[in-house]
Amino acid sequence: MAAPDPIAAAMGVRGCLRAVSSYSSPQVVVVRNGHLGTAYRALQLLVLLYFTGYVFIIQKGYQEREMGPESSIITKVKGVTQSPSKVWDVGEYVAPPEGGSTFSILTRVDISPAQAMETCPEGRAVANATCSSDQDCVPRDTDTSGHGERTGRCVPQAGGTGKSCEVLAWCPVDGDSISESLAEMASQFTVLIKNNIHFPRFGFSKGNIQASESGYLKSCMFNTTSALYCPIFKLGFLVEQAGEDFAELAEKGGVIGVIISWNCNLDLPDAECNPHYSFRRLDPKGALASQGYNYRFAKYYNWNGTRSRVLIKAYGIRVDVIVHGQAGKFSLIPTIITLATALTSVGLGSFVCDWILLCCMDKEQRYSSRKFEQVSPGCRCG
Amino acid sequence: MAAPDPIAAAMGVRGCLRAVSSYSSPQVVVVRNGHLGTAYRALQLLVLLYFTGYVFIIQKGYQEREMGPESSIITKVKGVTQSPSKVWDVGEYVAPPEGGSTFSILTRVDISPAQAMETCPEGRAVANATCSSDQDCVPRDTDTSGHGERTGRCVPQAGGTGKSCEVLAWCPVDGDSISESLAEMASQFTVLIKNNIHFPRFGFSKGNIQASESGYLKSCMFNTTSALYCPIFKLGFLVEQAGEDFAELAEKGGVIGVIISWNCNLDLPDAECNPHYSFRRLDPKGALASQGYNYRFAKYYNWNGTRSRVLIKAYGIRVDVIVHGQAGKFSLIPTIITLATALTSVGLGSFVCDWILLCCMDKEQRYSSRKFEQVSPGCRCG
Amino acid sequence: MAAPDPIAAAMGVRGCLRAVSSYSSPQVVVVRNGHLGTAYRALQLLVLLYFTGYVFIIQKGYQEREMGPESSIITKVKGVTQSPSKVWDVGEYVAPPEGGSTFSILTRVDISPAQAMETCPEGRAVANATCSSDQDCVPRDTDTSGHGERTGRCVPQAGGTGKSCEVLAWCPVDGDSISESLAEMASQFTVLIKNNIHFPRFGFSKGNIQASESGYLKSCMFNTTSALYCPIFKLGFLVEQAGEDFAELAEKGGVIGVIISWNCNLDLPDAECNPHYSFRRLDPKGALASQGYNYRFAKYYNWNGTRSRVLIKAYGIRVDVIVHGQAGKFSLIPTIITLATALTSVGLGSFVCDWILLCCMDKEQRYSSRKFEQVSPGCRCG
């Protein structure tokens, strides 16, 4: 710590001159003791090792860092599959189609083929929908899990034996939909993930595709060792790497995270800055309630003059691409700060040794009489 | 700070031995003065309190931390409502339908029912659209806020008295659309927000649903005290918690942020790591210009052989789910660093007291003659 | 560093009293040497300059900071253009239509007008699709880049001379689609980007629109100097600012990043906290493989009783709006920490000067005999 003598001295030119012609340094007691000396040097060594090994080499304390690069992701799915009623190509099973960082690939659909706006009995699964007479059905009443507004009449259920309240809704309601699986070929679908990052502070950009020829991406497949720069993944590969069973995931739906990490040391050549891929299921899989991933959407037709829709409850594998990144580059200021901290910390050894010495070993106060000099400013007697 | 004696001494084996058999410690002047002593101890106490109270207990300086967990969000809306012309269920009023972290629930629609590509008079709201003769309409001219390319003819306005330039556009243009409100039941819609987080450094995952039985989510509703792990919210509840008026928001549209914070101390049992929900309107509400939230989309029909579309200007409540998070766990290195900083800082008391003493109290320089020993290396006279 | 005397002394009431009635300060050797003194003061000056200039003034070390504000983005595109077959307005060329932070504006489309599910020859571009007899086509075989499941028959190609395996697919397959450009007016489209940020720690919110009258946004256009708070951009302006050629980008597609930075010093009036816009192409433009941005989507029609679709391969300019931000405000704790670090660092000068002195100048050990006092606790001889 800076001794405050400059302040006291720096009055007038003479003080100034004196301040520049001298410097102050702390006075030190050298204690001759083998045990303490060894402990002291061991402590200093430890601190030095920590700073050189951990702070400098592992944490790269001499570098300026930038986290969270600007990142762009373009994804593209390829493949075609068939369900009993339909051929599914990319235009059909990828949603949303825009090729962003989050997209879902449908693997199972429950289709309600031709719904129109009219009145029909409420679905059996809806709470309080069963009735015995019109008195049980309050007109204009709407149930949160229901399909529409009640008309107030009690009518026979669609394919059942009981009676349900009639509703004005998209009819027939989606209780008796047809379930079709698209999973037959889905594990063979390929997903291309184009990712480009940019660290604005260092003006450094890099992408995850490095092609020596224009047709490279047509024939390659991702491989950590030999094809790191070919980001084309089979959907089955993604699911397997995340430790999941494809058939089960396709049945119930789920979210697979593709995590791309860029950890770049810009003091090395650019070729050393490589993406690292990891894969993990992001939604809870063992959950008791509300498992999997599904959503509803509709397609519209003009069917014999009336507007009708096809409502699809889609189960799918959602792929979330997450990009992490950090870059570091040598910079003077963090280097100096780390060095200064290291030097300051080396002095902690004295503190620990003093503690031991004063508490346990300094019986005759020989040491403390040397370390501590008494002074009483204000009275003449030292 | 480390005195540089080891460097001077550590030459040869003898120097090495000497270095290990002794340690150095700063020499200290003990100043007997009640006021300064009290101030000194008070300062030390303050520093200690700051480190134990703020750094250790509040900021948990002994922990390694990880910010920004990997997070996945699946949302699902339920409910049904009715406008004069239509029944609206989830397939109709949620966009995009994929159940991601951002979705909008339509609350009002301006419908332009049957537009086809043909020529018609430009809308009255478009600047420079009114004309008195064909000379006023430049053929092939397009206005940014207009609906299509001008044909060059000046024709009578649709339901008006004036004349407008004719355009080749989706006709009739959307000036005279029908406005319908869906807000009747919208405040009763339920929004389920499934969120799962993962801290990769600590290998810790947790979700915001904890169900003891599979049907739990069918009957529960979010409540901070009794149903924290039932993330089902009424849309009206979200809007109310954000401090907004539902009717007004439904009329003009807006963006409601649902902010989920995970602040986890992993030294405690997992059950202590709980999500915290907060709700805030994210778009500016008092803005003079461009208030609210709306967008246009189209649906297509094959109407009597010609392709026509329904253009919908949709006002809605957009829900943005934002996840924050941090986790901390005891780790040796931050603990040591914080301790070392604390010990170093305790010494700052001497500095302040020296300042006071040397500046104001040390008239006869008794203290400074003890604290500062003069030495002139190079000349014999000390 | 705190000398451990309080621990030794603070035993019993007397020790306690003594501890409060005195304070300890390191003893200091003042070395009279012009060169070293100058070096010492110069070092101290450097450290002081670094702390006042860099840490305090540039890095604002006296402020508490918050990174990553909560942010909401609403976007809206305006404009209309024409391709040979169609008028394209916002409802047609913006996808997804919801006005979020990522959207694409179509600039070129390859249209496959009327596809239906039936059998037809596979496209010529598909590997292994050409055949000479039925033996070359394995029934139920599906190629990843193909359009459907093979029937096992070898049939003449659509408009060609060779033969292809027949597939059950959306036919005719998209090999012979019609390409149409929408780029004619696209550079004149306007993009409104409403952005609002909120720093929860400081309770500070601000938006990027400041209008004095309600019609302001109808007539203004973004300009860094005179219309910073009018976030309306021509698409051509965005592309140009990103350093790209509009015609080329519209042809192949690409991703333009609009980066909004909020760097707010909350110690100043709110009016000093302004957004800063920058524009950059986010996808790699010189890539050999898989250049540009395109995706496929379908629209459905009921065409003479059979469901048919229009498949569109869309090339477009995707706009990604990225918001960065940080805010700082004066706070006591970071101020004290920075000050303490500064004071501690000023002492580093002694360390460097000691090193020079002891290594190079202290021939007669006059200095070191003063700096280092030897003591051997345990034996009587000092």
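Residues numbered from 1 in each chain as written. Chains lettered and ligands numbered in written order. Predicted model: local features only at pLDDT ≥ 70, side-chain atom pairs only at ≥ 80, totals over all residues. Heavy atoms only, no water.

Turning to chain A, the UniProt annotation filed under Catalytic activity (unreviewed entry) states: "Ca(2+)(in) = Ca(2+)(out)". (UniProt positions renumbered as here; feature names shortened; annotations may be inferred.)

Engineer: Hey, could you run me through the overall build of chain A in this one?
Structural biologist: Broken down by element type, chain A carries 11 helices and 19 strands. The 382 residues of chain A split such that 53% are buried. Once local pairs closer than 6 in sequence are excluded, the contacts in chain A between residues at least 24 apart make up 66%. Surface exposure of chain A reaches about 16800 Å², of which carbon and sulfur atoms provide 56%. (Helix = DSSP H or I, 4+ residues; strand = E, 2+ residues; numbered from the N terminus. Buried < 20%, exposed > 50% of the residue type's maximum accessible area, 1.4 Å probe, protein only. Contact = heavy atoms within 4.5 Å. Areas by Shrake-Rupley, 256 points an atom, 1.4 Å probe, with all protein chains shown as cover.)

Engineer: In this structure, what is going on with the interface of chain A and chain B? I would like to understand it.
Structural biologist: Interfaces are often described in size by the accessible area the parts lose on coming together. Residue-level contacts link 87 residues of chain A with 79 residues of chain B. Where chain A abuts chain B, roughly 7400 Å² becomes buried across the two surfaces, and 58% of that area is made up of carbon and sulfur atoms. Connecting chain A to chain B are four salt bridges. A salt bridge links E184 of chain B to R140 of chain A, with the shortest nitrogen-to-oxygen separation between them at 3.8 Å. When residues in the side of chain A that touches chain B are grouped by element, the largest group, nine residues, is from helix α3 (residues 34-58) of chain A. (Buried area = accessible area lost by both parts, 1.4 Å probe. Salt bridge = Lys/Arg side-chain N within 4 Å of Asp/Glu carboxyl O.)

Engineer: Got a minute to help me understand a nonpolar patch on the surface in this structure?
Structural biologist: On the surface, V352, W355, I356 and M361 of chain A cluster together to form a nonpolar patch covering roughly 310 Å² of accessible area. Within the element layout of this structure, V352 of chain A appears in helix α10 (residues 348-361). (Patch = residues over 30% accessible without salt bridge, like charges linked within 9 Å, V, L, I, M, F, W, Y side chains within 5 Å.)

Engineer: Looking at this structure, how should I read the packing of aromatic side chains?
Structural biologist: For any pair of aromatic rings, the description consists of the separation of the ring centres together with the inter-plane angle of the planes. Throughout the structure, instances matching the rule amount to 42 aromatic pairs over all chains. Aromatic pair F222 of chain A and Y277 of chain A: ring centres 4.8 Å apart, planes at 65 degrees, arrangement edge-to-face. Taken together, the positions of F222 of chain A in the loop between α6 (216-219) and β14 (232-234) and Y277 of chain A in strand β16 (residues 275-281) put the pair 55 residues apart, joining distant regions of the chain. For the pair shown, F222 of chain A and Y277 of chain A are each scored as buried. Measuring from ring centre to ring centre gives 5.1 Å for Y50 of chain C and F51 of chain C, while their planes differ by 70 degrees; the resulting arrangement is edge-to-face. Judged by relative accessible area, which is 9%, F51 of chain C ranks as buried. Among the aromatic residues, ring-to-ring pairing joins F222, F233, F237, Y277 and F279 of chain A into one connected group. The ring of Y315 of chain B carries the charged tip of R108 of chain B above its face, separated from the ring centre by 3.9 Å. (Phe/Tyr/Trp six-rings, centres within 6.5 Å; stacked < 30°, edge-to-face > 60°. Lys NZ or Arg CZ within 6 Å of the ring centre and 35° of its normal.)

Engineer: Looking at this structure, I do not really get the state of the cysteines. What am I missing?
Structural biologist: What we call a disulfide is simply a covalent bond connecting the sulfur atoms of a pair of cysteines. Residue and element names in this part refer to chain C. This structure, assessed with the given rule, holds 15 disulfides over all chains. The disulfide partner of C220 is C230, and the S-S distance across this bridge is 1.9 Å. Handedness of the C220-C230 disulfide follows from its S-S torsion of about 85 degrees: it is right-handed. Note that C220 is positioned in the loop between α6 (216-219) and β14 (232-234) and C230 in the loop between α6 and β14, a separation of 10 residues in sequence. When the cysteines of chain A that form disulfides are numbered from the N-terminus onward, they connect as 1-6, 2-4, 3-5, 7-8, 9-10. (Disulfide = S-S within 2.5 Å.)

Engineer: What is the right way to look at the UniProt feature "binding site: ATP" (unreviewed entry) in chain A in this model?
Structural biologist: All names here are of chain A. Sites flagged by UniProt as "binding site: ATP" (unreviewed entry) map to K76, V77, K78, T190, N294, Y295, R296 and K313. In three dimensions, the annotated residues from a span of 238 residues occupy distinct locations, with a maximal C-alpha spread of 24.6 Å. Within the element layout of this structure, K76 appears in strand β4 (residues 70-78). Residue classification places K76 among the partly exposed positions, given a relative accessible area of 26%.

Engineer: How do you make sense of the relation of the copies chain C and chain A when you look at a structure like this?
Structural biologist: Related by rotation about an axis and a shift along that axis, the two copies of the chain form a pair. Note on the copies: chain C fits chain A at an RMSD of 0.1 Å, the axial shift is 0.0 Å, and the rotation between them is 120 degrees. In short, the pair behaves as if placed about a three-fold rotation axis. Every residue of chain C has its C-alpha some distance from the rotation axis, and the shortest such distance is that of Q27 of chain C, at 3.1 Å. (Least-squares fit on C-alpha atoms with pLDDT ≥ 70 in both.)

Engineer: How do you make sense of the interface of chain C and chain A when you look at a structure like this?
Structural biologist: Taken together, the contacts link 87 residues of chain C with 79 residues of chain A. Taken together, the two surfaces of chain C and chain A that pack against each other cover about 7300 Å², and 58% of this comes from carbon and sulfur. With a shortest N-O distance of 2.5 Å, R309 of chain C and D89 of chain A are connected by a salt bridge. Where chain C meets chain A, there are 12 residue pairs in polar contact (both at pLDDT 80 or more). In terms of residues, the side of chain C that touches chain A owes the most to one element, helix α3 (residues 34-58) of chain C, which gives nine residues. Where strand β1 (residues 22-26) of chain A lies against strand β2 (residues 28-32) of chain C, five bridges are found, and the strand directions are antiparallel. Bridge assignment links S25 of chain A to a residue of β2 of chain C, and that residue is V29 of chain C. (Polar contact = N/O pair within 3.5 Å; in protein donor to acceptor, adjacent residues only side chain to side chain. Pairing = 2+ DSSP bridges.)

Engineer: Honestly, the environment of L348 of chain A in this entry has me stumped. Any pointers?
Structural biologist: Within the element layout of this structure, L348 of chain A appears in helix α10. Between the alpha carbons of L348 of chain A and P231 of chain A there is a distance of 51 Å; along the sequence they are 117 residues apart.

Engineer: For this particular structure, what's the right way to read the environment of Q188 of chain A?
Structural biologist: When you line up the elements, Q188 of chain A lands in the loop between α5 (183-186) and β12 (190-199). Placed 47 residues apart in sequence, Q188 of chain A and L235 of chain A show a C-alpha to C-alpha distance of 6.2 Å. Excluding residues within four positions of it along the chain, Q188 of chain A makes contact with K234 of chain A together with T144 of chain C. A polar contact of 3.5 Å, which involves the side chain of Q188 of chain A, links it to the side chain of K234 of chain A.

Engineer: What is the right way to read the UniProt feature "transmembrane region" (unreviewed entry) in chain A from this model?
Structural biologist: Per the UniProt record, "transmembrane region" (unreviewed entry) is found at residues 336-358 of chain A. This span, residues 336-358 of chain A, is 96% helix and 0% strand, and a straight line between its end C-alpha atoms measures 34 Å.

Engineer: In this structure, what is going on with the pattern of salt bridges? I would like to understand it.
Structural biologist: Oppositely charged side chains can form a pair if their charged atoms are brought close together. Under the defined criterion, the tally for this structure stands at 42 salt bridges over all chains. Between D320 of chain B and R318 of chain B there is a salt bridge, and its shortest N-O distance comes to 3.1 Å. Of the two residues examined, D320 of chain B and R318 of chain B, each falls in the buried class. Salt bridges sharing common partners tie together K86, D89, E92 and K299 of chain A together with R309 of chain C.

Engineer: How should the side chain of K206 of chain A be read in this particular structure?
Structural biologist: All names here are of chain A. Among the structural elements, K206 can be located in strand β13 (residues 204-207). Among the polar contacts listed, one links the side chain of K206 to the side chain of Y229, at a separation of 3.2 Å. With residues up to four places along the chain from it excluded, the contact list for K206 reads N195, N196, I197, Y229, W262, D270, A271, C273 and N274.

Engineer: Got a minute to help me understand unusual backbone geometry in this structure?
Structural biologist: Negative phi characterises most residues that are not glycine, and trans characterises most peptide bonds. At the junction of C171 of chain B and P172 of chain B, the peptide bond is cis and its omega measures out at -10 degrees in the coordinates. Residue P96 of chain C follows A95 of chain C across a cis peptide bond; omega there is -10 degrees. By the element assignment, P96 of chain C lies in the loop between β7 (94-95) and β8 (102-121).

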